[in-house]
Amino acid sequence: MGDFRMPSLGADMTEGKLVEWLVHPGDHVDRGDIIAEVDTEKTVMEVETFEGGTVAELLIEPGETVPVGTPIARIGAADAGSPTPTPTPKAEAVPEPEPEPEPAAAAAPVAASGHAPEPAAHEPVAHATPPVRHLAHELGVDLEHLHGSGRGGAITRADVEAAASEDHAVAAMPVPATANTPARTDRVRSSPAARRLAAELGVDLAAVHGTGPAGAVTLDDVRRAPAPPRVPAAAEPVTPPAAPVAEPPAAREEPEDRTEKLHRAVGALMSRSKQEIPHYYLSTTIDLRAAMDWMKRTNTGRPITKRLVASALLLAATAQAAKRAPRMNGFFVDGGFQASPAVNLGVAMALRGGGLVAPAIHDADALGLDDLMSQLRDLAKRAQAGRLHRAEMADPTITVTNLGDLGVESIFGVIYPPQVALVGFGRVIDRPVARDGLLGVHPTVVATLSADHRASDGMEGGRFLALIDELLQNPEEL
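Because the structure is predicted, anything quoted here is derived from the model rather than measured. (Residues numbered from 1 in each chain as written. Predicted model: local features only at pLDDT ≥ 70, side-chain atom pairs only at ≥ 80, totals over all residues. Heavy atoms only, no water.)

Visitor: Quick one: what's the story with the sheet that holds strand S7 (residues 65-67), residue by residue and with numbers?
Guide: Strand order across the open sheet formed by 5 strands is S7-S2-S4-S5-S16, with mixed pairing between neighbours. Among the strands making up the open sheet, the edge pair consists of S7 and strand S16 (388-389). Two strands pair when backbone bridges link them, and strand S2 (residues 15-21) and strand S4 (residues 34-39) are joined in this way by 4 bridges, in the antiparallel orientation. Directly across from Leu18, in S4, lies its bridge partner Val38. (Pairing = 2+ DSSP bridges. Helix = DSSP H or I, 4+ residues; strand = E, 2+ residues; numbered from the N terminus.)

This is the structure we're talking about:
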């Protein structure tokens, strides 16, 4: 049996708060399954398990904050014949006229549910894998009463999506309001965490526009919703000017508090970076005429959703250059540089509520431009929804920041430790360029490098920027 510990989701993370478990004792999980959501000072992230097996015990409750490395769950070896840590009456114990022994595979989910079946039930609770439960969590679908159409009655993704569509149709039907009937929010598609936060803040989920999957209301949607005005209850008598009842200190975290915490966390890490890392800086101006012309030709006839953007070309060139310049791609740990065999390209992204995260596109050097674009869109969407994975935040090997959309012409960033390099791109600007003795106006971009002098020197940094330039002159090879 192994301990599943609070993971480190970034170099600056010292503790994490459990938002929600997505598994229960007795559930079988495979390596890479999402099993929990953890709130860091930066965002809410999905945490996957590192090993397969059976969830034996959950050691902390949602809402608890524990240091990195603290055991938060125990996962035992997968064994269909072993009892779960919280045994319950078997399905055979339910009085029936002619009880028939049920197969072990069907009885296991009953024990995992944590309670005996109701007398009217003749079948154990249907099984759903952690990915299916995670989808149900995002769409606000209650699995307890959902009939599974999969093998052995297992609940499938299609079952969850169909239930979500049905709930959405029911929620759209007008319900006559009465004076004694409170507004219903249980039909609004939302995650349990979002519903809890809405209850704490007094937010009516029916009035919140959902930005999650299939219009589901997410935590960020609830945080952005305006707080309702406080109205005294009509049924309670108004008392003379006694001191107003003071509410207990709020335990919830307001959006501005989260933004401030994020700025403090990033500021502390950047202070450490500038104190510990001997930075050196280089810059060059890259002629993008060949790259932009090729991109325009490639986009011709494509639907808007499939078109490439200049950022994809810049990211692809950086990733492939990092593969060829290994001193720029890795970590400085334990007093020495460790090159990374994979190029996990961190992409700096601004959050709507304020603050910055830099999740990774894994193996970016091996991706084609279309796949890179697809992953970039998905990463940006999940970053805004607070649904990043642990690995995406914990293992970038080099980071790229691009402030061109804000009109910035060049940026000299601060290295994110323990990485050893950061590449910056500014706005694409038409500038006069001399080629073969002829002067013309070409689209250009300023590329900058912030690098760790303990891992590389100026000559290696200059070669790295030259590689980026060379790759962008041959965009068809990216």
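Visitor: Tell me about the packing of aromatic side chains, and please be specific about residues and values.
Guide: The full count for this structure, using the stated rule, is 1 aromatic pair. Pairing Tyr281 with Phe412 gives two aromatic rings, centres 6.1 Å apart and planes at 80 degrees, and the pair type is edge-to-face. Placement of the pair is Tyr281 in strand S9 (residues 279-287) and Phe412 in the loop between strand S17 (398-402) and strand S18 (421-425), with a sequence separation of 131 residues. Owing to a relative accessible area of 34%, Tyr281 belongs among the partly exposed residues under this scheme. The exposure class assigned to Phe412 is partly exposed, which follows from its relative accessible area of 44%. Directly above the ring of Phe332 sits Arg454, whose terminal nitrogen or CZ lies 3.8 Å from the centroid. (Phe/Tyr/Trp six-rings, centres within 6.5 Å; stacked < 30°, edge-to-face > 60°. Buried < 20%, exposed > 50% of the residue type's maximum accessible area, 1.4 Å probe, protein only. Lys NZ or Arg CZ within 6 Å of the ring centre and 35° of its normal.)

Visitor: Which residues make up the pairing of strand S5 (residues 44-48), and what are the values?
Guide: For S5, the buried fraction is high: 5 of the 5 residues fall into the buried class. On S5, burial covers both faces: Val44, Glu46 and Glu48 on one face and Met45 and Val47 on the other are all buried. For S4 and S5, the ladder comprises 5 bridges, and the chain directions are antiparallel. Bridge pairing in S5 links Asp39 to Val44. As paired elements, S5 and S16 share 2 bridges and run parallel to each other. The residue of S16 that forms the bridge with Met45 is Leu388.

Visitor: Go over the pattern of salt bridges, please, and point to the residues and values.
Guide: Under the counting rule described, the total for this entry stands at 10 salt bridges. Between Arg435 and Asp287 there is a salt bridge, and its shortest N-O distance comes to 3.1 Å. Of this pair, Arg435 sits in strand S19 (residues 429-435) while Asp287 sits in strand S9; the two residues are 148 residues apart in sequence, bridging distant segments of the chain. Ionic pairing is found between Arg454 and Asp452, a salt bridge with its closest N-O pair at 2.8 Å. Through salt bridges with shared partners, one network takes in Asp3, Arg5, Glu57 and Arg74. (Salt bridge = Lys/Arg side-chain N within 4 Å of Asp/Glu carboxyl O.)

Visitor: An account of the pairing of S17 is needed here, citing residue identities and associated values.
Guide: When you tally the buried positions in S17, you get 4 out of 5 residues, the bulk of the element. In this sheet, S18 lies alongside S17 in parallel orientation, the contact comprising 4 bridges. Note on S18: the bridge partner recorded for Thr401 is Gly424.

Visitor: If you had to explain the packing of helix H8 (residues 310-324) against helix H9 (residues 369-385) to someone new, which residues and values would you point to?
Guide: Closest axis-to-axis distance for the H8/H9 pair is 10 Å, and the angle between their directions is 110 degrees. The angle between H8 and H9 falls in the class roughly perpendicular. From H8, Ala312, Leu313, Leu315 and Ala316 reach across to H9, where they touch Leu369, Leu372, Met373 and Leu376. Its residues assigned to classes, the contact of H8 with H9 shows 8 nonpolar, no polar and no charged. (Axes fitted to C-alpha atoms, helices over the stretch in contact; angles between N-to-C directions. Parallel < 35°, antiparallel > 145°, perpendicular 65-115°, else oblique. Contact = heavy atoms within 4.5 Å. Nonpolar A, V, L, I, M, F, W, Y, C, P; charged D, E, K, R; others polar.)

Visitor: Explain unusual backbone geometry to me, and be specific about the residues and the numbers.
Guide: Most peptide bonds are trans, and most residues other than glycine sit at a negative phi. In this structure, the amide linkage connecting Pro417 to the following residue, Pro418, adopts the cis form with an omega of 5 degrees. Inspection of the secondary structure puts Pro418 in the loop between S17 and S18.

Visitor: Tell me about the nonpolar core, residues and numbers included.
Guide: Counting 53 residues, the largest nonpolar core has Met328, Ile398, Phe464, Ile468 and Leu472 as its most contacted members. Broken down by element, this core gets its largest block of residues, 9 residues, from H8. Sequence-distant contacts of Ile398, defined by excluding residues within four places in its chain, comprise Ala322, Met328, Asn329, Val343, Asn344, Leu345, Gly346, Gln419, Ala421, Val423 and Phe464. The next biggest cluster of nonpolar side chains, apart from the first, holds 17 residues, and it includes Phe4, Trp21, Val55 and Ile75. (Core = buried A, V, L, I, M, F, W, Y, C linked by side-chain atoms within 4.5 Å.)

Visitor: Give a detailed account of the environment of His209, specifying residues and quantitative values.
Guide: Tracing the sequence through the fold places His209 in the loop between helix H4 (192-201) and helix H5 (219-224). For the pair formed by His209 and Val222, sequence separation is 13 residues and the distance between their alpha carbons is 8.9 Å.

Visitor: I'd like a description of the sheet that holds strand S1 (residues 2-5), backed by residues and values.
Guide: The strand order S1-S8-S6-S3 describes an open sheet built from 4 strands, whose pairing is antiparallel. Two strands in the sheet have a free side with no partner beyond their single neighbour: S1 and strand S3 (28-29). Pairing geometry for S1 and strand S8 (residues 71-76), over 4 bridges, is antiparallel. Note on S8: the bridge partner recorded for Phe4 is Ala73.

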